[in-house]
Amino acid sequence: MRTLCASTLIGEFFVIGFAGLVAMKSDDLSMTTVWTVCGIAMLLSVLLCGMITRPGGLQLGWALQAGLIVSGFWVPLMFFLGAVFGGLWWASIHYGRKIDEAKARWAAQAEA
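Residues numbered from 1 in each chain as written. Predicted model: local features only at pLDDT ≥ 70, side-chain atom pairs only at ≥ 80, totals over all residues. Heavy atoms only, no water.

Engineer: An account of the packing of helix α3 (residues 57-70) against helix α4 (residues 77-111) is needed here, citing residue identities and associated values.
Structural biologist: The relative placement of two packed helices comes down to the angle between their axes together with the axis-to-axis distance. At their nearest, the axes of α3 and α4 sit 7 Å apart, and the two run at 160° to each other. When the interaxial angle is binned, α3 and α4 end up roughly antiparallel. Crossing handedness for the pair α3 and α4: left-handed. Of α4, the residues touching α3 (which contributes L58, G61, W62, Q65, L68 and I69) are M78, F79, G82, A83, F85, G86, W89, W90, I93 and R97. Its residues assigned to classes, the contact of α3 with α4 comprises 11 nonpolar, 4 polar and 1 charged. (Axes fitted to C-alpha atoms, helices over the stretch in contact; angles between N-to-C directions. Helix = DSSP H or I, 4+ residues; strand = E, 2+ residues; numbered from the N terminus. Parallel < 35°, antiparallel > 145°, perpendicular 65-115°, else oblique. Left-handed = near helix turned anticlockwise from the far one by under 90°. Contact = heavy atoms within 4.5 Å. Nonpolar A, V, L, I, M, F, W, Y, C, P; charged D, E, K, R; others polar.)

Engineer: Describe a nonpolar patch on the surface, naming the residues involved and giving the relevant values.
Structural biologist: A surface patch of nonpolar side chains, amounting to about 660 Å² of accessible area, comprises I10, F14, F18, L21, M24, M31 and V46. At the level of elements, α1 (2-23) and α2 (31-51) are the ones that each hand at least two residues to the nonpolar patch. With 4 residues, α1 is the single largest residue contributor to the nonpolar patch. Among the secondary structure elements, I10 is positioned in helix α1. By relative accessible area, I10 is classed as partly exposed at 37%. (Patch = residues over 30% accessible without salt bridge, like charges linked within 9 Å, V, L, I, M, F, W, Y side chains within 5 Å. Areas by Shrake-Rupley, 256 points an atom, 1.4 Å probe, with all protein chains shown as cover. Salt bridge = Lys/Arg side-chain N within 4 Å of Asp/Glu carboxyl O. Buried < 20%, exposed > 50% of the residue type's maximum accessible area, 1.4 Å probe, protein only.)

Here it is as structure tokens:
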């Protein structure tokens, strides 16, 4: 699960950075605000790569997904991209757990 979730989070890192470049063009937002928010979100996405298996890691990942969708109010394309990454996040968790369970079964069979 960790590999799939980390891959999704690294993809989000780049999407957040590109969304920041688009948001800079907005007259309603200052460059400081855009890069503070984007910088925190980008840092969170990288830190979450190491926290996935720790308590609360998946919940923080879901919060990041919600934040991406909400960012669509400033960069409308983020409604779509946030939903896509939310789906990828769900799939990473769902299929990652299945893969982990299969690996554990194979390891138990190899021991026996």
